[in-house]
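Per-entry structural report
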Amino acid sequence: MSKAAEFLIVRFGLYPFLHRDVHTLSTGEIRKVLLVRALSTRPQLLVLDNAFDGLDVPSRAALGDLVSKTLRGFRPDILVQGVSS
């Protein structure tokens, strides 16, 4: 597991879910797992469509914080909707 994945697992509170079967996870938990999987690979392009749907309030705040921090330093013409950069 990469350091980025470990950081995101802790950040999204997924550590207790590491050894659970996928079919026992809620929709929000599965979304968190998919987000961690996508973000931990440090992709050159990542399209988040309705990324906050199904997430609990702390996870929404964590994702918003991660996206905001990621966007700092990028050109101002980057397309972002729903997250102030």
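In this text the structure is predicted, and so the values were computed from the model without any measurement.

Notes on the nonpolar core
Ranked by size, the top nonpolar core spans 14 residues in total, and within it Leu8, Phe12, Leu14, Leu35, Val36 and Leu63 carry the most contacts. Listed by contribution, the elements that provide at least two residues to this core are helix 1 (3-11), helix 2 (27-40) and helix 3 (57-71). At four residues, helix 3 tops the list of elements feeding residues into this core. Setting aside residues up to four positions removed in sequence, Val36 forms contacts with Ala5, Leu8, Ile9, Phe12 and Leu14.

Section: the environment of Leu14
Within the secondary structure layout, Leu14 lies in the loop between helix 1 and helix 2. Measuring from C-alpha to C-alpha, the distance between Leu14 and Glu29 comes to 7.8 Å, with 15 residues separating the pair along the chain. In this view, Leu14 contacts Ile9, Glu29, Lys32, Val33 and Val36; residues no more than four positions away in its chain are not counted.

Some remarks on the pattern of salt bridges
As enumerated under the stated definition, the model contains three salt bridges in all. One salt bridge in this structure joins Arg11 and Asp65, with 2.5 Å as the shortest N-O distance. Note that Arg11 is positioned in helix 1 and Asp65 in helix 3, a separation of 54 residues in sequence. Classification of Arg11 by relative accessible area gives partly exposed; the value is 33%. By relative accessible area, which is 24% here, Asp65 ends up partly exposed. Glu29 is the salt-bridge partner of Arg20, the closest N and O atoms lying 3.6 Å from each other. Judged by relative accessible area, Arg20 falls into the partly exposed class, the value being 34%. On the accessibility criterion, Glu29 (15% relative accessible area) is buried.

Scoring rules and cut-offs
- Residues numbered from 1 in each chain as written.
- Predicted model: local features only at pLDDT ≥ 70, side-chain atom pairs only at ≥ 80, totals over all residues.
- Heavy atoms only, no water.
- Core = buried A, V, L, I, M, F, W, Y, C linked by side-chain atoms within 4.5 Å.
- Buried < 20%, exposed > 50% of the residue type's maximum accessible area, 1.4 Å probe, protein only.
- Helix = DSSP H or I, 4+ residues; strand = E, 2+ residues; numbered from the N terminus.
- Contact = heavy atoms within 4.5 Å.
- Salt bridge = Lys/Arg side-chain N within 4 Å of Asp/Glu carboxyl O.

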